[in-house]
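This is what each chain is made of:
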Amino acid sequence: MNSALISRREGAVLILSNNNQAARNALSPEYYFGVMDGLREAAADPAVAAIILTGEGGHFCAGGDLNQLATRREMPLAERRIKLEDLNHLIRAIRDCPKPVIASVEGAAAGAGLSLAMACDMLVAARNAVFSVAYVKVGLTPDGGATAFLAEFVSRQVLTELCLTGERVSGERMHAMGCVNRLSEPGAALAAALELAQQLAQGPQVATARIKTLCRVAHHNSLEDQLALEADYMVEAQGSEESREGIAAFLEKRAPDYVRLRKA
């Protein structure tokens, strides 16, 4: 990993931390590619069961680097689009990773930083964390899926307000809107996210990947499509070693040992 990203392991949990502290962890190409490489390696490593995205120095991510964005006005439209696709590739990589990805947010998650946090499967935030769809403040429009992710939780009127005002929203309000899974005290978001990730790491990996997919597409699928996909996964799961272990553990009144299956 490069210096734009700090990577470390806590047992079965991979922690990927934005390390652009001088710019409140604004995004950079090095960060995009570092995280995508980390997600790809985690997906292929059975010893990694969950991933946390966080930031160094008390901030999650301030969004795009405005100094870099200012230079793009001189580029042809097609070249600007290519640059923007780096962010979209990262968002897709988070959503498509078979392992659960948790955002741990302290300080600011603004602009594309908000998009990045909400692309994750779950979100843990400090009560005083600050979220903002900040684009309008500098004459830009949302990207990275910000409007799509927020629209899953809030009404069109609230979505429009957040995007047109760029107002700062606390972790507590985001939790009240359903966007944040768990709140922590300031400075404790990573510890709370790690506790959640370690809980998930004890679960059945194949089933977890399929459940993640079901949850990701449920908002967009028709009922018939969702019923069919659920049935496909259930039929496959019924013949799996994970379900054999899970059902046996239930009947024997013990905790299932899915970690042993991953090591086998």
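Before reading on, note that the structure itself is shown above.
Keep in mind the model is a prediction, meaning the values are calculated, not measured.

### So, the packing of helix α1 (residues 29-44) against helix α3 (residues 77-96)
Axis separation between α1 and α3 bottoms out at 10 Å; the angle between their running directions is 25 degrees. As far as their axial angle goes, α3 and α1 are roughly parallel. Between α1 and α3 lies a crossing of left-handed hand. Along the contact surface, α1 presents Y31, Y32, F33, V35, M36 and L39, while α3 presents D86, L87, H89, L90, A93 and I94. A breakdown of the residues in the contact of α1 with α3 according to their chemical character gives ten nonpolar, one polar and one charged.

### A closer look at helix α6 (residues 156-165)
In an α-helix, one full turn covers 3.6 residues, which means residues spaced three or four apart are oriented alike. For α6, the full list of buried residues reads L159, L162 and C163. Down the axis of α6, the smallest arc covering the buried residues is 90 degrees, so these residues share one side. Along α6, the residues that are exposed and aim more than 90 degrees away from the buried face are Q157 and L164. Those residues of α6 that are buried are in contact with α5 (146-151), β8 (169-170) and α7 (171-176).

### A closer look at unusual backbone geometry
You will see that R24, though not glycine, has its phi angle at about 50 degrees, which is positive. Tracing the backbone through its elements, the reader meets R24 in the loop between β2 (13-18) and α1.

### Some remarks on the environment of L16
Examined against the element boundaries, L16 turns out to sit in strand β2. For L16, a relative accessible area of 0% puts it in the buried group.

### Regarding the sheet that holds strand β9 (residues 182-184)
Pairing between sheet strands relies on hydrogen bonds along the backbone, with the strands arranged either parallel or antiparallel. Pairing is mixed across the open sheet formed by six strands, whose spatial order is β1-β2-β3-β4-β6-β9. Since the sheet does not close on itself, it has two edges, and those belong to β1 (5-10) and β9, each with one partner. Adjacent strand axes in the sheet meet at a mean angle of 20 degrees when their direction is disregarded. Here strand β3 (residues 50-55) pairs with strand β4 (residues 101-105) via three bridges, running parallel. When the sheet's bridge partners are listed, I52 is paired in β4 with I102. Sitting on the sheet, α1 touches β1, β2, β3 and β4, and the angle it makes with β2 is about 175 degrees.

### Let's talk about the nonpolar core
The biggest cluster of nonpolar side chains holds 50 residues, and the ones touching the most others in it are I51, L53, F60, I94, V105, L123 and F131. In contact with F131, not counting residues within four places along its chain, are V105, A109, L114, L123, A125, E167, R168, V169, S170, G171, M174 and V180. Counting residues in hydrophobic clusters, the runner-up holds eleven residues, among them I15, A50, I52 and L194.

### Observations regarding a nonpolar patch on the surface
On the surface, L66, L69, V138 and L140 cluster together into a nonpolar patch covering about 320 Å² of accessible area. Residue placement: L66 occurs in helix α2 (residues 66-71). Owing to a relative accessible area of 47%, L66 belongs among the partly exposed residues under this scheme.

Reading the values: the criteria
- Residues numbered from 1 in each chain as written.
- Predicted model: local features only at pLDDT ≥ 70, side-chain atom pairs only at ≥ 80, totals over all residues.
- Heavy atoms only, no water.
- Axes fitted to C-alpha atoms, helices over the stretch in contact; angles between N-to-C directions.
- Helix = DSSP H or I, 4+ residues; strand = E, 2+ residues; numbered from the N terminus.
- Parallel < 35°, antiparallel > 145°, perpendicular 65-115°, else oblique.
- Left-handed = near helix turned anticlockwise from the far one by under 90°.
- Contact = heavy atoms within 4.5 Å.
- Nonpolar A, V, L, I, M, F, W, Y, C, P; charged D, E, K, R; others polar.
- Buried < 20%, exposed > 50% of the residue type's maximum accessible area, 1.4 Å probe, protein only.
- Arc of directions from axis to C-beta.
- Pairing = 2+ DSSP bridges.
- Core = buried A, V, L, I, M, F, W, Y, C linked by side-chain atoms within 4.5 Å.
- Patch = residues over 30% accessible without salt bridge, like charges linked within 9 Å, V, L, I, M, F, W, Y side chains within 5 Å.
- Areas by Shrake-Rupley, 256 points an atom, 1.4 Å probe, with all protein chains shown as cover.
- Salt bridge = Lys/Arg side-chain N within 4 Å of Asp/Glu carboxyl O.

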